[in-house]
Amino acid sequence: MAFGFGAAGYMVLPVEPPLWLALLVGLSAVAVAFAARVLTQGGVAALGAGLLALAVMGGVTGKLRTEQVRGPVSPDFAAPVVVEGFVVDVASPGSGGGRLLIAPTRLAALTFYELPHRIRITVPREAVVGPGSTIRVRAGLGPPPPPASPGAYDFARDAWFDRVGGVGFAVTEVQPIALAQPPIRLRLAMAVNAMRWSLARRIVTTMGERSGGIAAAMVTGHEAWISPEQTEAMRASGLAHILSISGLHMAIVGGFVFFAARLLIALVPWVALRIDGKKAAALLGLAAVGTYLILSGAPSPAVRAAITAAVAFLAILADRRAISLDALAVAAMVILLLYPEAATEPGFQMSFAATAALVALVEALPRPVREIQAPWWIRWPQAAGTWIVASIAISLVAGLATGPFAMHHFNRVASYGLIANLLVAPISSFLMMPFLAVGAALEPLGLGAPFLAVAGWSIDMMTAIAERTAGAPGATVTVATGPDWTLPVAFLGILILCLWQGRLRWVGLPLAAVVALWPRPTPPDLWVSSDGSALAVRRGEQAVPARPESRRFALDVWSRRRGLAIDGAASPELFDCNRRRCLATGAGEVAHWNQRRAPNADAFAELCRAKVVVLRSPTPGDCPGVLVLDAADFEAGGSAELYRQGDHWRIVWAEPLRGRRPWTEPARMR
């Protein structure tokens, strides 16, 4: 935990430390820890010095990882540019269409050493081509986007560690071209991804797009066929975690292979007497997890889940307990050593907290006494009752452990998530995932249709539950983000609840609840996107955008973060808009110029009648007594939140909060 907190602390530093300084501080901390241990021969001082050294080394590991993935970042091109390259993979679709992950070989006039390692381009859904294709397309391209609002999640940091140096959208059709043979490593990656894409298409063809799209996402990680309505229903019902390949999927696939192998070995006495069935099954489970990881495309959640599952199977091979807090600690340490940036990612935080809570629950519960002899009509109802109680306890504990992170990062609570997960748990564990695994394995041989049919029925049942749950009154509750310090405090509270022994563990309960209970600050009165192209004003508990469809994703992120509901229907009554400008007709305080070219004198004079003028262009003149924000301000500061304070305005910019880090520099150079 000390190592993880150190890694997270490095990620949020305001200034990037030089490598030599990080190494010097790390070595000094280790030396102090060894000296404290030798001089004090253990004790509190040695323990404190050791934990401090681990925290510092977590930060040093983060710095080394930053340097390892360092690569060129695309400039913000003023006009669309020609892109040529290899399609490495098909990324999850966005609101604008499908997305291709490309290894560029040509990008405008950039030299070979200036080419980003990877770029991601949005194309129409019908224009998506599979991995291994060589394409040419003209696209609007720029660096990964900055946060949608001050303090919001930094997508550019994720892109940096994924080595994605540019994002954009296609403005012409995707054209196939011929390119020279790529390096062997890239060829291998594209071959694996092409196999995954082909399997996903076969699954969709066999099962149909409605259920096959979800099945393909759960097997291969490709979400290209999932409709926006299905995605929203899964989120609103608290079942969205099933779409992402993570611990649940690895546990079901690995556990299914493990128990099936043990059963088959036990059924053959000659084999059971000559080999250790448990260890043989663990080896097969380990192989199944590795195969599934390759099939999934190895996204970050799947890698973390695979490491955790691998540690459990290795514990069995080493004659240790597979499910314990010690095994979880080893898995978390391996993940943080390889990917220290995971310490700040919602997926790692939620999966680790949920797993720790569940393992602590298992260790705290008394061992049930098994009856040696009892009639089936007693044993079966008892087993059913035990399973129901265990399912409720597991879903409740996991939901409570992940709740603070869902509130802080995603600003939504699925009111009926516990009920939906209880209903779906037996379907996913006993039907959906096992039959999907067998069907996917046999589909290349043309034998998977019967198994995929059963999986399709189970997916239809899950989708029906999700839609019914999402359509219930009050299915989702929007929760504003609290102060940044509340999440680490809540995490510490969860750790105390899970790790402490005895009644003192309940000291962690109020700490764990601080995210939910701490008062929220007053929302801002005005929000402006990072490029000045979109804005919204707050009216009560509603966010009213000037142009409801402009920068919709950023608007959604900001409004949820501040606990506001978007009221696009109120935009015409509050704003008078044409193609170039918007004037607030109600409050009369805000004017917005939506063109990159500066307004002429008459248009600027009209804008200056407001109290706040937001320009996407440079300022053509002065507005005495008026707050004017122009393109130069947004280039330097990014997105902004404005708070009315009497006759004045307080502005909070996003870029100063991000600091000066490698992933923030492209935004400053635009």
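The shown structure was predicted, so the numbers you read here are calculated from the model rather than taken from an experiment. (Residues numbered from 1 in each chain as written. Predicted model: local features only at pLDDT ≥ 70, side-chain atom pairs only at ≥ 80, totals over all residues. Heavy atoms only, no water.)

## Focus: the overall build of the protein chain
Consideration 1: Within the protein chain one finds 25 helices and 19 strands.
Consideration 2: Relative to the globule expectation of 26 Å for 670 residues, the C-alpha radius of gyration of the protein chain, 27 Å, shows essentially globular dimensions.
Consideration 3: Looking at the protein chain residue by residue over its 670 residues, the buried ones come to 46%.
Consideration 4: For the protein chain, the proportion of contacts with a sequence separation of at least 24, taken over those separated by at least 6, is 65%.
Consideration 5: Summed over its atoms, the accessible surface of the protein chain is roughly 33100 Å², and 64% of this surface lies on carbon and sulfur atoms.
Consideration 6: One way to put it: in the protein chain the 58 positive side-chain charges average out to a point 6 Å from where the 45 negative ones average out. (Helix = DSSP H or I, 4+ residues; strand = E, 2+ residues; numbered from the N terminus. Rg over C-alpha atoms; globule rule 2.2 N^0.38 Å. Buried < 20%, exposed > 50% of the residue type's maximum accessible area, 1.4 Å probe, protein only. Contact = heavy atoms within 4.5 Å. Areas by Shrake-Rupley, 256 points an atom, 1.4 Å probe, with all protein chains shown as cover. Lys, Arg positive; Asp, Glu negative; His and termini not counted. Charge placed at Lys NZ, Arg CZ, Asp CG, Glu CD.)

## Side note on the packing of helix 15 (residues 417-442) against helix 16 (residues 449-470)
Consideration 1: The interhelical angle for the contact between helix 15 and helix 16, taken along N-to-C directions, is 150°, at an axis separation of 8 Å. In this view, helix 15 runs roughly antiparallel relative to helix 16, as classed from their interaxial angle. In this structure, the crossing between helix 15 and helix 16 has a hand that is left-handed. Seen from helix 15, the contacting residues are Ala-420, Leu-423, Val-424, Ile-427, Leu-431, Met-432, Phe-435, Leu-436, Val-438, Gly-439, Ala-440 and Leu-442; seen from helix 16, they are Phe-451, Leu-452, Val-454, Ala-455, Ser-458, Ile-459, Met-461, Met-462, Ile-465 and Thr-469. (Axes fitted to C-alpha atoms, helices over the stretch in contact; angles between N-to-C directions. Parallel < 35°, antiparallel > 145°, perpendicular 65-115°, else oblique. Left-handed = near helix turned anticlockwise from the far one by under 90°.)

## Some remarks on the sheet that holds strand 16 (residues 612-615)
Consideration 1: Here we have five strands laid out as an open sheet, ordered 13-14-15-16-17, and mixed in their pairing. Two strands close off the open sheet at either side, each with one partner strand: strand 13 (575-577) and strand 17 (627-629). With strand direction ignored, the average angle separating the axes of adjacent strands in the sheet is 15°.
Consideration 2: Sheet topology note: the strand 15 (residues 590-593)/strand 16 ladder contains four bridges and is parallel. Its bridge partner being in strand 16, His-592 is matched across the sheet by Val-614. (Pairing = 2+ DSSP bridges.)

## A short note on a nonpolar patch on the surface
Consideration 1: Nonpolar side chains collect at one region of the surface, where Trp-387, Ile-388, Ile-392, Phe-430, Leu-431 and Met-461 lie side by side and expose about 550 Å² of accessible area between them.
Consideration 2: Of all elements in the fold, only helix 14 (376-410) and helix 15 reach the threshold of two or more residues within the nonpolar patch.
Consideration 3: Among the elements that make up the nonpolar patch, the one with the highest residue count is helix 14 (three residues).
Consideration 4: You can see Trp-387 is positioned in helix 14. (Patch = residues over 30% accessible without salt bridge, like charges linked within 9 Å, V, L, I, M, F, W, Y side chains within 5 Å. Salt bridge = Lys/Arg side-chain N within 4 Å of Asp/Glu carboxyl O.)

## So, the pattern of salt bridges
Consideration 1: Scanning all chains against the criterion turns up 26 salt bridges.
Consideration 2: Linking Asp-531 and Arg-551 is a salt bridge whose minimum nitrogen-to-oxygen distance equals 2.5 Å. Taken together, the positions of Asp-531 in the loop between strand 9 (526-528) and strand 10 (535-539) and Arg-551 in the loop between strand 11 (542-545) and helix 20 (552-561) put the pair 20 residues apart, joining distant regions of the chain.
Consideration 3: When its relative accessible area of 23% is taken as the criterion, Asp-531 is described as partly exposed.
Consideration 4: Across the pair Arg-616 and Asp-531 runs a salt bridge, and its minimum N-O distance is 3.9 Å. Linking Arg-616 in the loop between strand 16 and strand 17 with Asp-531 in the loop between strand 9 and strand 10, this pair joins segments that are 85 residues apart in sequence.
Consideration 5: In this structure, a network of salt bridges that share partners links the residues Glu-16, Lys-63, Glu-67, Arg-70 and Arg-661.

## Notes on the nonpolar core
Consideration 1: Grouped together as the largest cluster of nonpolar side chains are 44 residues, with contacts concentrated most on Ile-203, Leu-239, Ile-242, Leu-436 and Met-462.
Consideration 2: Elements with a minimum of two residues in this core: helix 5 (184-207), helix 6 (209-220), helix 8 (247-266), helix 10 (277-296), helix 11 (300-317), helix 15 and helix 16.
Consideration 3: A per-element tally of this core places helix 15 first, with seven residues.
Consideration 4: Counting 34 residues, the second largest nonpolar core, distinct from the first, contains Leu-328, Ala-342, Phe-405 and Ile-494. (Core = buried A, V, L, I, M, F, W, Y, C linked by side-chain atoms within 4.5 Å.)

## Comments concerning the side chain of His-222
Consideration 1: By the secondary structure assignment, His-222 is in the loop between helix 6 and helix 7 (228-236).
Consideration 2: Judged by relative accessible area, His-222 falls into the buried class, the value being 1%.
Consideration 3: For His-222, the side chain forms a polar contact with the side chain of Arg-196, separated by 3.5 Å.
Consideration 4: Residues in contact with His-222, not counting those within four places in the same chain, are Asp-89, Val-90, Asn-193, Arg-196, Trp-197, Ala-200, Gly-213, Ala-216 and Ala-217. (Polar contact = N/O pair within 3.5 Å; in protein donor to acceptor, adjacent residues only side chain to side chain.)

## Here's the deal with the state of the cysteines
Consideration 1: Using the criterion set out here, one finds two disulfides in the structure.
Consideration 2: Residue pairing for Cys-577: its cysteine sulfur links by disulfide to Cys-582, the two sulfurs lying 1.9 Å apart. Because the torsion about its S-S bond is 120°, the bridge between Cys-577 and Cys-582 counts as right-handed.
Consideration 3: What makes Cys-577 partly exposed here is its relative accessible area of 32%.
Consideration 4: On the basis of relative accessibility, which here comes to 1%, the residue Cys-582 falls in the buried class.
Consideration 5: Each sulfur in the disulfide pair Cys-608 and Cys-623 lies 1.5 Å from the other. With Cys-608 in the loop between helix 22 (601-607) and strand 16 and Cys-623 in the loop between strand 16 and strand 17, the pair connects residues that are 15 residues apart, well separated along the chain. (Disulfide = S-S within 2.5 Å.)

## Quick notes on the sheet that holds strand 18 (residues 640-645)
Consideration 1: One open sheet holds the six strands; their spatial order is 12-11-10-9-18-19, and the pairing between them is mixed. Each edge of the sheet is formed by a strand with only one pairing partner; in this case those strands are strand 12 (565-566) and strand 19 (648-653).
Consideration 2: Here three bridges tie strand 9 to strand 10, and the two strands are oriented antiparallel to one another. For Val-528, the partnering residue across the bridge sits in strand 10 and is Leu-535.

## Points about helix 6
Consideration 1: The buried fraction of helix 6 is high, at 10 of 12 residues.
Consideration 2: Within the span of helix 6, buried status applies to Ser-211, Gly-212, Gly-213, Ile-214, Ala-215, Ala-216, Ala-217, Met-218, Val-219 and Thr-220.
Consideration 3: Once helix 6 finishes, Gly-221 follows within two positions and takes phi at roughly 85°, a positive value.

Fair warning: the whole summary comes from geometry, so function is off the table for now.
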